Amino acid sequence: MTASDPWGSPTQWSLVHDANDSQDPAAREVAWSGLVDRYRDAVRASVAARCRGRWDVDEISEDFFTYIFEQKLLDKVDPDKGRFRQFMNGVLRRYVSQRTRVRGAQGRGGTGEDDVTLDPAAPTDLSLSGRLEEQRWAAGVLQRSIQRLIDPDKYPRNGILLLRTYGIDPYEAMPRAELREEFAMTVGAFDEALAAARRSLREHLRAEVVESAAQLEGPSDAADDLVHRLLGAFPGLDASS
């Protein structure tokens, strides 16, 4: 890897394969950590070039790897169809475009009730009356879902890692490297924990939205759209984007 070519050459295809398809979970975790270490600087440089002046370049870069992991995008890598850097840059371009559309030009914001809002331009299919009521409803749905996520009778560690990563009340955002060190976790184990917590949070949110739809006599088929918009209050949290 050189200063002029942060992606390095050639691609270590065995590492890509093991990070995606190793039958040994421990080997897959080691390979994923190696893959992230190998391409972290290149991804960050690409994000920085596309997001000049943004405060959250490091956060977007870290979220990109989690997105790749959770969506199992390495399944789509084919050495016969192009170089790995081309694949990564194509996915990264779309990811950054989506991420910056969600947040636009705004800087770091808080995560209080006033920030947990739905897109006013998007249709609201539930029978909600007024912007303020919508804000309160959204905050309530998110808060109840978070409480279910960190239920001490379940497995709260993954949920707490998710909340601390994204700075969701009552936690302040923390750098992933610090969280990994605190919990003595590898990159692979940490990304796997975040993926599991995100899946659980989406399930809890959808259950809360469907229940609200029943109480308000609104259609439940809007649940997935509303869950997506609720997660949009925290850019990068919705890896299905």
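Structure: see above.
Residues numbered from 1 in each chain as written. Predicted model: local features only at pLDDT ≥ 70, side-chain atom pairs only at ≥ 80, totals over all residues. Heavy atoms only, no water.

Moving on, we come to unusual backbone geometry. For residues other than glycine, phi is negative in most cases, and the peptide bonds are mostly trans. If you check the backbone angles, Lys 72 has positive phi at about 55° while not being a glycine. By the element assignment, Lys 72 lies in the loop between helix 3 (57-70) and helix 4 (84-103). On the basis of relative accessible area, Lys 72 is assigned to the exposed category, the value being 51%. Of note in this structure, Ala 184 is not a glycine but carries a positive phi near 50°. Looking at where Ala 184 falls in the secondary structure, it is placed in the loop between helix 7 (176-182) and helix 8 (187-215). Taking relative accessible area as the criterion, Ala 184 reaches 71% and is therefore assigned exposed. (Helix = DSSP H or I, 4+ residues; strand = E, 2+ residues; numbered from the N terminus. Buried < 20%, exposed > 50% of the residue type's maximum accessible area, 1.4 Å probe, protein only.)

All right, on to the packing of helix 1 (residues 13-21) against helix 2 (residues 25-50) then. Where helix 1 meets helix 2, the axes come as close as 7 Å, and the angle between the chain directions of the two elements is 130°. In terms of axis orientation, helix 1 runs oblique to helix 2. Crossing handedness for the pair helix 1 and helix 2: left-handed. Within the contact between the two elements, helix 1 uses Leu 15, Val 16, Asp 18, Ala 19 and Asn 20 and helix 2 uses Arg 28, Ala 31, Trp 32, Gly 34, Leu 35 and Arg 38. Here the residues of the contact of helix 1 with helix 2 are counted per class, giving six nonpolar, two polar and three charged. (Axes fitted to C-alpha atoms, helices over the stretch in contact; angles between N-to-C directions. Parallel < 35°, antiparallel > 145°, perpendicular 65-115°, else oblique. Left-handed = near helix turned anticlockwise from the far one by under 90°. Contact = heavy atoms within 4.5 Å. Nonpolar A, V, L, I, M, F, W, Y, C, P; charged D, E, K, R; others polar.)

Another aspect to go through is a positive patch on the surface. The grouping of Arg 50, Lys 76, Arg 93 and Arg 94 at the surface amounts to a positive patch. Its place among the elements puts Arg 94 in helix 4. A relative accessible area of 56% means that Arg 94 is categorised as exposed. (Patch = residues over 30% accessible without salt bridge, like charges linked within 9 Å, V, L, I, M, F, W, Y side chains within 5 Å. Areas by Shrake-Rupley, 256 points an atom, 1.4 Å probe, with all protein chains shown as cover. Salt bridge = Lys/Arg side-chain N within 4 Å of Asp/Glu carboxyl O. Lys, Arg positive; Asp, Glu negative; His and termini not counted. Charge placed at Lys NZ, Arg CZ, Asp CG, Glu CD.)

Turning next to the pattern of salt bridges. Close approach of charged atoms lets side chains of opposite charge pair. Tallied over the full model, the rule gives ten salt bridges. Close ionic contact of Arg 40 with Asp 37 constitutes a salt bridge, the shortest N to O distance being 3.0 Å. Residue Arg 40 and its partner Asp 37 are both found in helix 2; the two are separated by three residues, about one turn of the helix. Given the relative accessible area of 47%, Asp 37 is considered partly exposed.

The subject of this paragraph is the packing of aromatic side chains. The description of an aromatic ring pair uses the distance of the two centres, along with the angle that the planes make with each other. All chains considered together, the criterion is met by seven aromatic pairs. Centre to centre, the rings of Tyr 67 and Tyr 95 are 5.0 Å apart; their planes meet at 35°, and the pair counts as tilted. Of this pair, Tyr 67 sits in helix 3 while Tyr 95 sits in helix 4, placing them 28 residues apart in sequence. For Tyr 67, a relative accessible area of 14% puts it in the buried group. Take Tyr 95: its relative accessible area is 9%, and that puts it in the buried class. By the ring-pair criterion, three or more aromatic residues cluster together here, those being Trp 13, Tyr 39, Phe 84 and Phe 87. A cation over an aromatic ring shows up here: Arg 180 above the ring of Phe 190, its NZ or CZ 5.8 Å from the ring centre. (Phe/Tyr/Trp six-rings, centres within 6.5 Å; stacked < 30°, edge-to-face > 60°. Lys NZ or Arg CZ within 6 Å of the ring centre and 35° of its normal.)

Core analysis: the largest hydrophobic core is formed by 30 residues, its most contacted members being Trp 32, Leu 35, Leu 74 and Phe 84. Counting residues per element, the ones that place at least two in this core are helix 1, helix 2, helix 3 and helix 4. The greatest single-element share of this core, amounting to eight residues, is contributed by helix 2. Of all hydrophobic cores here, the second largest spans 24 residues; its members include Ile 146, Tyr 166, Met 185 and Ala 197. (Core = buried A, V, L, I, M, F, W, Y, C linked by side-chain atoms within 4.5 Å.)

Don't take any of this as a statement about function, it's just geometry.
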